[in-house]
Amino acid sequence: MTTATPNQGMDPNPLLMWQPTDPANTEMNKFMVYVNNKHSLALQNYNDLWQWSVDEIELFWSAVWEYTNVVSSIPPSGPVVDGSLPMDAFPAWFPSARLNFAENALWCKDPTKTAIIATGELQSKPHRISYADLYSRVRQCAKAMRKAGVVKGDRVAGYIANCPEAIVAMLAASSIGAIWSSTSPDFGTIGVLDRFSQIKPKLLFSVNAVVYNGRPHDHIQKLNKVLEGLNMVEKVILIPFVPSQPCEASSVNKGSTWADFLATSGESVSTFASSSLPPQEQELIDFEPLPFNHPLYILFSSGTTGKPKCIVHSAGGMLLQHKKEHILHGNLSSNDILFQYSTTGWMMWNWLVSGLTLGATIVLFDGSPFKPGPSALWDLVEQENVTAFGTSAKYIQAIQDADYKPNQHHNLKHLHSVYSTGSPLKPESFDFVYEHIKKDLLLGSITGGTDICSLFASHNAALPVYRGEIQCRSLGMKIEAWTAPNKPVVGDSGDLVCSRLFPCMPVYFWDDPENKKYKSAYFDNYQGVWYHGDFVWINPNTGGIVMLGRSDGTLNPNGVRFGSAEIYNIVDTYTEVEDSLCVGQTLKDGTDERVVLFLKVAGTDKASLAVAAKTNGSATEAEKQVLDAPLDADLVNRIKTHIRNQLSPRHVPAFILKTTDIPYTINGKKVEIAVKKIISGQTIVPSGTLVNPESLDLYYNIPELQQ
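Just so it is clear, the model here is predicted, and its values are computed rather than measured.

Okay, the sheet that holds strand S32 (residues 593-601) next. One key point about sheets: their strands pair by backbone hydrogen bonds, in either a parallel or an antiparallel sense. Strand order in the open sheet formed by 3 strands is S31-S32-S33, and the pairing between neighbours is mixed. In this open sheet, the two strands that pair with only one neighbour each are strand S31 (577-586) and strand S33 (655-658). Neighbour-to-neighbour, the strand axes of this sheet turn through a mean angle of 25 degrees, independent of strand direction. When S31 meets S32, the two strands line up antiparallel, connected through 9 bridges. Paired with Val577 across the two strands is Val601, which belongs to S32. Against the sheet, helix H19 (residues 633-646) touches S31, S32 and S33, its axis set at about 130 degrees to S32. Running over the sheet, helix H20 (residues 672-679) touches S31 and S32 and is turned about 55 degrees from S31.

Any two packed helices are characterised by how steeply their axes cross, that is the angle between the axes, and by the distance between the axes. For the pair helix H13 (residues 393-401) and helix H14 (residues 427-436), the least separation of the axes is 10 Å and the interaxial angle reads 65 degrees. In terms of their interaxial angle, H13 and H14 are classed as roughly perpendicular. Helix-helix and strand crossings are classified by hand; for H13 and H14 the assignment is left-handed. For the pair H13 and H14, contact is made by Ile396, Gln397, Ile399 and Gln400 and by Glu428, Ser429, Phe432 and Val433, respectively. For the contact of H13 with H14, the class distribution of residues is 4 nonpolar, 3 polar and 1 charged.

So, about the packing of helix H1 (residues 27-39) against helix H10 (residues 315-329). At a minimum axis separation of 7 Å, H1 and H10 run at an interaxial angle of 105 degrees. When the interaxial angle is binned, H1 and H10 end up roughly perpendicular. When H1 is examined against H10, the residues Glu27, Met28 and Phe31 are found in contact with a partner set consisting of Ile327, Leu328 and His329.

Reading the values: rules and limits
Residues numbered from 1 in each chain as written. Predicted model: local features only at pLDDT ≥ 70, side-chain atom pairs only at ≥ 80, totals over all residues. Heavy atoms only, no water. Pairing = 2+ DSSP bridges. Helix = DSSP H or I, 4+ residues; strand = E, 2+ residues; numbered from the N terminus. Axes fitted to C-alpha atoms, helices over the stretch in contact; angles between N-to-C directions. Contact = heavy atoms within 4.5 Å. Parallel < 35°, antiparallel > 145°, perpendicular 65-115°, else oblique. Left-handed = near helix turned anticlockwise from the far one by under 90°. Nonpolar A, V, L, I, M, F, W, Y, C, P; charged D, E, K, R; others polar.

Encoded structure:
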């Protein structure tokens, strides 16, 4: 490992924001003591523990299995994994063991313990489901699925809101050994078909309508359009998610209502009688005993520049990894109430569901986080005594921009952790959280992705939080910053790689029998080593991580590589700039690239244009005035000077140009790669994952970039 001179702009001595009051009493420290005792070691701190976890992967993951109490029908014996094999040989983990994910999520059958709290826009009060009730519903749904012909290996899909029925259907499918895949109602029909047409689901669960921005939206019309392209679906189960809207089985082809579907189980649907019985007297679910590597989920890559890749994740990998993250890193237990704001189309939904494996209470919310106002989610956090709240970096920025200060309006005494993901959390957002949400809490900026449906670098209740940094590399995940093959560095930026096997690697990609797509996605850049596609910096002093953007979007003018996040951290301090996009443009001869920074200045959003149009009497003329107005030269010069002084002259963009819209995915991520390809001369077909696909049109044929 090489220690380099720290990058310009990267602070090796960041401000300490928080530290745990009793680190010795955290699960992380207790686990280290457990490992020391079990293996006669003398690990002293987290760095020691992390190093052991990536050096001794078989011993480490066996210890996680035992410490987190994985439920199995056949416990593991013999080798854990063949660690001598390269990562791209995809060796099986815990080959002797047999388990079922749903059984691990439903071990607590207590009728007095709340499993799920579900609410959303226009819902008068949250709906509570006990663990005993959840067990009964899953049992009924699994019986109905078996009656419908679902068997091990079949795909069961949800085009579905974030509602309890989605979790019931997912757990029912996994109890049988079927594979669950879901996407949210905000996905367009093309986006859904690009995904589900590849995996060919047997059953499709959906909703009659959704509520967003304060009003109901019919979903059946979109659902029928999707079904035209999914003739392999044998039954569509319609959930009355919005009671005020129609929900007739006849409104969709091959339709059945949720109640009618459950009735085919042979059990009473109107009353969950068995859920009031003592746990030992409940009728048991027939959990299929499955190999560790048996598929649990199919998730999808963003597909912003092509058809999404269908990423298959194993039940054992998800279970073990998520238990490690929730229990060891998050210090969560059955006493916690975990609320992750997500849709069913984001991997954080799957991460949230794994909270059930702890016996914790999980909170579901469907709808806009800003309706009826910016207090919407915080009202829920306070009302339900949420202990751990997860959201996106974009949401934290949004409440900051709205000047909403939760600690002035809410009693957050139960909240001990806030998680942020989806994109890098800006240093200024760390300030905002500790000043205006709560001083004494763990702010976990976390990173991983759909590719692993979990985390590479994560929160840690036993470590301090430093401004602008992810706290640590996750246990068992040997992530490093590489500047070249087998050239890891700290204190300098490089490609994020993972150089040892880990159990939540995808089992395979769907319809990729020789693993060609799989190997191309992660193993083409460095032989036998996972290349994640992110640009990263590891602090030599704190061990913290700073994400610098996507590697394939890494800026590389004159051979100097840096990440777009370095530019955003500066531009975001300018109140005149509403949003920005920084990409590289490959020059026509292909020998170099130049940096282009697009600025969306305040007043160029659609709402402002509409106001201007109403005032001037002509939308076209109003828009033309806004579009044609040049960027303020003083603003451009101040930004260039700031970048030059804080980073370096080579970081200064060749062009700073005006735009009226920045493309984003549904999950709130800026779309850099598509714009880079467009301004470099390629034509891109927008995917269904873009929330504003028309914005890409703004980046074609820009006169300044034709030079």
